[in-house]
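Results of the structural survey
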Amino acid sequence: MIDSIYAHSTVFSNPSAKYKSIAFDYLLITAVSALLVWCVQFLWTRRRLYSFAKQVHGPPALPLIGSAWYFTGSAYDILANISSLFETYPGVFKVWFGPRLFFATAEPKHYEILMTKCLAKEELYNKAVMVVGKGLFTAEVPSWKKHRKLISPTFNQQILDSFVEVFSEQADVLVGNLEKHAGKGEFDVFHAISTCTLDIICETAMGVKVNAQTTDALYTQWTDRMMEIVLLRIFILWYHPDKLFNMLPIGREASRIVRNMHEFSGKVVREKKKAFEQKKRERENSLDSHHEEMPRKRKAFLDYMLEITDDENVAFSENELRQEVDTFVIAGSDTTASTNCYVLTMLGLHQDLQEKVLREILDVLGPDRKPEPGDLPKLKYLERFIKEALRLFPVAGFLARAIEEDIDVGNCIIPAGSSVVFGILRTHRNEKYWPDPCKFDPDRFLPEEVAKRHPCTYVPFSYGPRNCIGPKYAMMAMKSLLSTVLRKYKIFTTYKSVEDIKLKAHLVLRPRDGYKVYIERRNLQV
Ligand code: HEM
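Because the structure is a prediction, the values reported are computed rather than measured.

What counts and how
Residues numbered from 1 in each chain as written. Predicted model: local features only at pLDDT ≥ 70, side-chain atom pairs only at ≥ 80, totals over all residues. Heavy atoms only, no water. Near = heavy atom within 4 Å. Helix = DSSP H or I, 4+ residues; strand = E, 2+ residues; numbered from the N terminus. Nonpolar A, V, L, I, M, F, W, Y, C, P; charged D, E, K, R; others polar. Phe/Tyr/Trp six-rings, centres within 6.5 Å; stacked < 30°, edge-to-face > 60°. Buried < 20%, exposed > 50% of the residue type's maximum accessible area, 1.4 Å probe, protein only. UniProt positions renumbered as here; feature names shortened; annotations may be inferred. Contact = heavy atoms within 4.5 Å. Patch = residues over 30% accessible without salt bridge, like charges linked within 9 Å, V, L, I, M, F, W, Y side chains within 5 Å. Areas by Shrake-Rupley, 256 points an atom, 1.4 Å probe, with all protein chains shown as cover. Salt bridge = Lys/Arg side-chain N within 4 Å of Asp/Glu carboxyl O. Polar contact = N/O pair within 3.5 Å; in protein donor to acceptor, adjacent residues only side chain to side chain. Core = buried A, V, L, I, M, F, W, Y, C linked by side-chain atoms within 4.5 Å. Axes fitted to C-alpha atoms, helices over the stretch in contact; angles between N-to-C directions. Parallel < 35°, antiparallel > 145°, perpendicular 65-115°, else oblique. Left-handed = near helix turned anticlockwise from the far one by under 90°. Pairing = 2+ DSSP bridges.

Side note on the site of the ligand
Around the ligand there are 28 residues in total, and Tyr125, Trp144, Arg148, Arg466 and Cys468 lie nearest to it. Elements with a minimum of two residues in the shell around the ligand: helix 7 (141-151), helix 14 (318-349), strand 4 (398-402) and helix 19 (471-488). If you tally residues by element for the shell around the ligand, the top one is helix 14, at 6 residues. For the shell around the ligand, a count of residues per class yields 17 nonpolar, 7 polar and 4 charged.

If you want it as structure tokens, here you go:
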């Protein structure tokens, strides 16, 4: 005690230490005051958000972290927590994620208003910008409007029909690859299917063969790993700031992969552009140039976009072209791969329906004819089957948009500056709209049944102007692939029911325990 009093008095008997102590106190007071001023200012500018938030229910939240603990744990826990929030809080509810305010809903009438009016993507989508740049998926509204208007016509029926040959060629390679699994017991079919959909999308988007199905293509590993990293960035709060993320080993790994991916697609774009300009010059120099059309066959989206670029008024830069192509590859491959896998699992689970699907395919295509464009619309039962699989397993289980102006959704106002989350998985499995929701019944999609429902009760491709650009493409590609596989193999699964398939959060919804199927060779009579 005496020692400590002595020590204290010694400090103050030393003038330099005294000044240091005053300076420190002064700095501390200034820092605390600045922090207080910042906090008051922060709270004051967000007072509208707090007052709107008070009006709706939601889970408990703590300052700074909000309800972040709902988004921790395994990918399965995260999805289970989010799903339980939608069940606990019907209608519109709020969730604080860190300091950010999200409103959530799974009501079709809210989707109709919000998906039509809110076109800006939620800030979390920026985590995908490092992979797909500012292509359609992540573009800000003004450039999205311009690009979507230009790109939409390239998804016309004639162009899609020209891709069927690619769909069916790659489906044949898939059938060959599946041979090693025939009669050999359970396996996860995702790798075989996803390499096939990647081959399809790369060939139709860029016009290049990446041979993911036949080689250990690095491109497959890059896209897989980047999907994982983007997901981690969304849910782990300390991965959010770019500067911090880029310093971490995972950030450096992401930069390395992205550099490789962009070099690959950038090279394709540069070469295609060069070839296109060369052809254009040749045409201009040729006497009968005005009669010569570029051959229509085997063009990719990139070729069509280059033609748009040729127009004087509208031009995609080389960088923009690359970003759009990267977007197609990422948005179009995993989504169709997962859906195909869910369809196969459902076929395995419902042997009677599988027979019905097969009968229709045989009626339209016979035992071994390759699908042609005119065949695909005739596969109506297969289409209903795929739609029902997308209802129970909507690969985009949740979507989010930024709210840029106050929006009245009827019973409450979603304020500007907040964000909204759409609980699509919940809507698709809500017994209010789907009696006996876990029963797999493709006839829910008979036209007379569809007419009875609100159009936003079923939104696997989202809804409104910013919906998916590729549903037709996806349906045609999936029908080609499935009709080829089903004629060669009978599908089984070890899952016992729809409920038995536990889902986990991923950029696209994935089954926690994989797509467990086993296959047996069929002997169809020719
Ligand atoms: C079963 C297959 C597919 C499903 C379930 C699906 C689902 C979706 C959904 C839900 C969105 C909206 C995302 C959001 O608002 O955040 C979307 C957007 C998009 N999808 Fe798809 N998709 C599929 C296949 C494809 C294919 C094959 C392509 C390209 C060939 C594609 C290209 C895109 C693009 C470019 C966007 C962004 C559109 C925009 O913002 O204008 N998708 N997709």
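Structure shown, so let's carry the discussion forward.
A word on the packing of aromatic side chains
Geometry of an aromatic ring pair is reported as the spacing of the ring centres plus the angle between the planes. Applying the stated criterion across every chain yields a total of 29 aromatic pairs. A ring pair is formed by Phe86 and Phe93, whose centres lie 5.1 Å apart and whose planes are at 80°; its orientation type is edge-to-face. The class for Phe93 is buried, based on a relative accessible area of 1%. The interplanar angle of 15° and the centroid separation of 5.7 Å between the aromatic rings of Phe190 and Tyr515 together place this pair among those described as stacked. In this pair, Phe190 is assigned in helix 9 (residues 190-205) and Tyr515 in the loop between strand 10 (510-511) and strand 11 (516-521), connecting sequence segments 325 residues apart. Residue Phe190 is classed as buried on the basis of its relative accessible area of 11%.

Comments concerning the UniProt feature "binding site: heme" (unreviewed entry) in the chain
According to UniProt, the feature "binding site: heme" (unreviewed entry) maps to Cys468 in the numbering used here. Among the secondary structure elements, Cys468 is positioned in the loop between helix 18 (447-451) and helix 19. Among residues more than four places away in sequence, those in contact with Cys468 are Arg148 and Phe461.

Focus on a nonpolar patch on the surface
On the surface, Phe24, Leu28, Val32 and Leu36 cluster together into a nonpolar patch covering about 400 Å² of accessible area. Examined against the element boundaries, Val32 turns out to sit in helix 2 (residues 15-45).

Describing the side chain of Glu203
Among the structural elements, Glu203 can be located in helix 9. Its relative accessible area of 9% is what places Glu203 among the buried residues. Of the polar contacts made by the side chain of Glu203, one reaches the side chain of Lys209; its length is 3.3 Å. Not counting chain neighbours up to four residues away, the residues in contact with Glu203 comprise Val166, Gln170, Val208, Lys209, Arg298 and Ala300.

Remarks on the nonpolar core
Ranked by internal contacts, the top residues of the largest apolar core, which has 162 residues, are Leu114, Leu178, Val189, Phe301, Phe385 and Tyr473. Counting residues per element, this core draws most heavily on helix 14, at 13 residues. Those residues in contact with Val189 that sit more than four places away from it in its chain are Leu178, Cys341, Leu344, Tyr515 and Val517.

Details of the packing of helix 8 (residues 157-178) against helix 9
One can describe the packing of helix 8 onto helix 9 by two numbers: an axis separation of 9 Å at closest approach and a directional angle of 155°. Regarding the angle of helix 8 to helix 9, the classification is roughly antiparallel. Where helix 8 crosses over helix 9, the handedness of that crossing is right-handed. Across from Phe163, Val166, Phe167, Gln170, Ala171, Leu174 and Leu178 in helix 8, the residues of helix 9 making contact are Ala192, Ile193, Cys196, Asp199, Ile200, Glu203 and Thr204.

Re the packing of helix 10 (residues 218-235) against helix 12 (residues 249-285)
Where helix 10 contacts helix 12, the axes come no closer than 10 Å and their chain directions differ by 135°. In terms of axis orientation, helix 10 runs oblique to helix 12. Seen from above, helix 10 lies across helix 12 with left-handed handedness. Residue-level contacts link Tyr219, Trp222, Thr223, Arg225, Met226, Ile229 and Leu232 of helix 10 to Ile250, Glu253, Ala254, Ile257, Val258, Asn260, Met261 and Phe264 of helix 12. Residues that form the contact of helix 10 with helix 12 fall into these classes: 11 nonpolar, 2 polar and 2 charged.

Here we look at the sheet that holds strand 11
Read from one edge of the open sheet, 3 strands run 3-11-8, paired in antiparallel fashion. A single partner strand is all that each edge strand has here, and the edge strands are strand 3 (187-188) and strand 8 (489-493). Looking at chain direction, strand 8 and strand 11 are connected through 5 bridges and run antiparallel. Counterpart to Ile491 in the pairing with strand 11 is Ile519.

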